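What follows is each chain in one-letter form.
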There are 2 protein chains.
Amino acid sequence: MPQAPAAAADTKVLILHAARRRFADHGYEGTSLNDIADDVGIRRPSLLHHFPSKEAIYRAVLFELVGDWTALVTAAVQDPTTGWGQVERVLSAAFEFFEQHTDFVRLARREAIDGGPFFDEIATGLQPLFDRAVGFLEKEMRAGRLRRHNAPQLLLAGYGAILSYFSDAPLITVLLGTDPLSKESLRVHRREVVDLFRNALDPR
Amino acid sequence: MPQAPAAAADTKVLILHAARRRFADHGYEGTSLNDIADDVGIRRPSLLHHFPSKEAIYRAVLFELVGDWTALVTAAVQDPTTGWGQVERVLSAAFEFFEQHTDFVRLARREAIDGGPFFDEIATGLQPLFDRAVGFLEKEMRAGRLRRHNAPQLLLAGYGAILSYFSDAPLITVLLGTDPLSKESLRVHRREVVDLFRNALDPR
DNA sequence: GGGATACCCTACCGACCGGTAGGTAGGAGA
DNA sequence: TCTCCTACCTACCGGTCGGTAGGGTATCCC
């Protein structure tokens, strides 16, 4: 029983959505095209009508997410605030983004660990963001609006602390005994992390 | 050309060693028994003479590492020191362990993200360690030897900051432009993280 | 010497992988 | 109405996966 063809754009969106979930949950190797096709409700060869290969699907998912992340950071940095206020703004924006894009966090983590075939493009995509953040921190430290630290290392520590909470949610669920992604847990975690960095950075 | 059989114990050790590297580098799905067998220098069926299945090999690798980690934490906590001094001691011990067991870090990370079939046993193995650490922090906070914080969340933030530095080394290499696992980089990172937590915890 | 056992091998299995070939249904435009 | 295109299908490709069967050889124990 043949099926009425859907609009190509719609199917492509459905594929990307299903693929993002699968890749985030099980990684590149742990996801088969059949898995994705089943989620969409079509057969595998029909997937490959919309994308030339599994690799192309993965790449599309990755770039979409990096694009979202870049847009958010760019917007957050637009604001001319300085000192601790700006740091807190960016921290908050990052938190909100990660809350709403847990797939992105886990995918990024997998890429960071793997150093796989797509890794280079992702890394060079993220580097300007990192450099800009380091530049901002160092400028504010020199101006005395933030306490002096090794800016890149501090940034890495912060990125690690926040990202881990979202990427390792399955483990943290067991450790805490409650859902770490619940409104209340998120509120508490966010306050704790912001506090950690205020103690380190805010000259008061 | 048949080969002289080696002592079973030796081969088993070689298998576990090769498997740990492979699983850490490429994950469970991304590692085939042929990969491991090639590293050891035997054929795949010979692997399965020493272990009943791929899953059994993975499980053995995982439990060995969790055992090492448990032993280290237990030893570090043995010391009767209190307050910030004890926190700094444990932090230092963890750093050293992670430096020497980067395979463990990446494997643990993969497990934490996946929530896979082996995950439950690992998580319940780690939970007592987590609970004990939280207990220590809260005791010291009540006694006024550490500044008050939400202990579990602070611990998670710390664990995330440190672990990420090692697990995400491939990405960080690109971001920093230097080897994050070099003696000098490690020294700087360690000082920065210890500083971060001293600012938060040490009542001075 | 003769088993028994431990270790490793080649040869094979069924299942699944990503990807291709070829065909069909149905809408759009001449 | 004829033609072209899109979207999807079934059937198949070569190759790899984890795992098994069965044989050969070295070593240990009697």
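Residues numbered from 1 in each chain as written. Chains lettered and ligands numbered in written order. Predicted model: local features only at pLDDT ≥ 70, side-chain atom pairs only at ≥ 80, totals over all residues. Heavy atoms only, no water.

### Describing the overall build of chain A
Secondary structure assignment for chain A yields ten helices and zero strands. Its helices and strands in sequence order give chain A the pattern α-α-α-α-α-α-α-α-α-α, from N to C terminus. Referenced to the eigenvectors of the C-alpha coordinate spread, the extents of chain A come out at roughly 70 × 40 × 30 Å. Residues counted as buried form 47% of the 204 residues belonging to chain A. (Helix = DSSP H or I, 4+ residues; strand = E, 2+ residues; numbered from the N terminus. Buried < 20%, exposed > 50% of the residue type's maximum accessible area, 1.4 Å probe, protein only.)

### With respect to the packing of aromatic side chains
Within a pair of aromatic rings, the relevant descriptors are the distance that separates the centres and the angle that separates the planes. Across all of its chains, the model carries 25 aromatic pairs over all chains by this definition. Both rings, one in F23 of chain B and one in Y28 of chain B, keep their centres 5.8 Å apart while their planes meet at 20°; by these two values the pair is stacked. Y28 of chain B gets classed as partly exposed once you look at its relative accessible area, which sits at 22%. Taken together, the ring pairs in this structure connect W69, F95, F97, F98, F104, Y165 and F166 of chain A into an aromatic cluster. Taking the ring centre of Y28 of chain A as reference, the NZ or CZ of K54 of chain A above it sits at 4.4 Å. (Phe/Tyr/Trp six-rings, centres within 6.5 Å; stacked < 30°, edge-to-face > 60°. Lys NZ or Arg CZ within 6 Å of the ring centre and 35° of its normal.)

### Some points on helix 9 (residues 169–176) of chain A
Among the residues of helix 9 of chain A, those classed as buried are A169, L171, I172 and L175 of chain A. Seen end-on, helix 9 of chain A carries its buried residues on one side only, within an arc spanning 155°. (Arc of directions from axis to C-beta.)

### Digging into the environment of K139 of chain B
Secondary-structure assignment places K139 of chain B in helix 7 (residues 119–142). In the structure, K139 of chain B is positioned twelve residues away from A151 of chain B in sequence and 10.0 Å away in space, judged by C-alpha atoms.

### With respect to empty space enclosed by the protein
According to the stated counting rule, one finds two cavities of 30 Å³ or more in the structure shown. In terms of lining residues, the largest cavity is bounded by 13 residues, among which V66, A108, E111, I122 and L126 of chain B are the most central. At the level of secondary structure, the elements contributing two or more residues to the lining of the largest cavity comprise helix 4 (54–78), helix 6 (102–114) and helix 7 of chain B. Per-element accounting of the lining of the largest cavity gives the leading share, five residues, to helix 6 of chain B. Of the residues belonging to the lining of the largest cavity, the class tally is twelve nonpolar, no polar and one charged. Size it by volume and the second largest cavity reaches roughly 70 Å³. Going through the elements one at a time, helix 4 (54–78), helix 6 (102–114) and helix 7 (119–142) of chain A are the ones with two or more residues in the lining of the second largest cavity. With four residues, the single largest contributor to the lining of the second largest cavity is helix 6 of chain A. Broken down by class, the residue content of the lining of the second largest cavity amounts to eight nonpolar, no polar and one charged. (1 Å grid on protein atoms, 1.4 Å probe; cavity = no way out; pocket = protein on both sides within 12 Å on 5 of 7 lines; lining within 4 Å. Points joined across faces, edges and corners; volume = space filled by probe spheres on them. Nonpolar A, V, L, I, M, F, W, Y, C, P; charged D, E, K, R; others polar.)

### Here we look at the interface of chain A and chain B
Contacts between the two partners involve 47 residues from chain A and, on the opposite side, 47 residues from chain B. Taken together, both faces of the contact between chain A and chain B bury some 4200 Å²; the carbon and sulfur share is 66%. Counting across the chain A and chain B interface gives four salt bridges. Of the charged contacts in the structure, one is a salt bridge between R110 of chain B and D114 of chain A, with a shortest N-O distance of 2.7 Å. Taken together, the connections running from chain A to chain B amount to 20 residue pairs in polar contact (both at pLDDT 80 or more). Elements supplying a minimum of two residues to the side of chain A that touches chain B: helix 6, helix 7, helix 8 (151–167), helix 9 and helix 10 (183–201) of chain A. A total of eleven residues in the side of chain A that touches chain B trace back to one element, the largest contributor, which is helix 8 of chain A. (Contact = heavy atoms within 4.5 Å. Buried area = accessible area lost by both parts, 1.4 Å probe. Salt bridge = Lys/Arg side-chain N within 4 Å of Asp/Glu carboxyl O. Polar contact = N/O pair within 3.5 Å; in protein donor to acceptor, adjacent residues only side chain to side chain.)

### Focus: the relation of the copies chain A and chain B
Superposition of chain A onto chain B requires a rotation of 180° combined with a translation of 0.0 Å along the rotation axis, giving an RMSD of 0.1 Å. This pairing of chains is accounted for by a two-fold axis. Residues of chain A ranked by C-alpha distance from the rotation axis are headed by A161 of chain A, positioned 2.2 Å from it. Take the interface residues of chain A: 100% of them recur as interface residues in chain B, which is what a same-surface contact looks like. (Least-squares fit on C-alpha atoms with pLDDT ≥ 70 in both.)

### Looking at the pattern of salt bridges
Scanning all chains against the criterion turns up 29 salt bridges over all chains. Between D195 of chain B and R198 of chain B there is a salt bridge, and its shortest N-O distance comes to 3.1 Å. Pair noted here: D195 of chain B and R198 of chain B are both in helix 10 (residues 183–201), with a separation of three residues, about one helical turn. Classification of D195 of chain B by relative accessible area gives partly exposed; the value is 24%. We classify R198 of chain B as partly exposed; its relative accessible area is 28%. Connected through salt bridges with shared partners, the residues R20, D25, E64, D103 and R106 of chain A form a single ionic network.

### Regarding the domain arrangement of chain A
Residues and elements named next belong to chain A. When cut into domains, chain A gives domain 1 (8–51) and domain 2 (63–201). Placing a centre on the C-alpha atoms of domain 1 and another on those of domain 2 gives a separation of 29 Å. For the pair domain 1 and domain 2, the summed buried surface comes to about 690 Å²; carbon and sulfur atoms form 54% of the total. Considering only the side of domain 1, the residues that lose the most area to domain 2 are R20, A24 and D25, jointly responsible for 61% of the buried surface there. Joining domain 1 to domain 2, the criterion identifies three salt bridges. The partner of E64 in a salt bridge is R20, with the nearest N and O atoms 3.5 Å apart. Viewed at the interface, domain 2 and domain 1 are joined by three residue pairs in polar contact (both at pLDDT 80 or more). Per-class residue counts for the side of domain 1 that touches domain 2 are four nonpolar, two polar and three charged. (Domains from an automatic or database assignment.)

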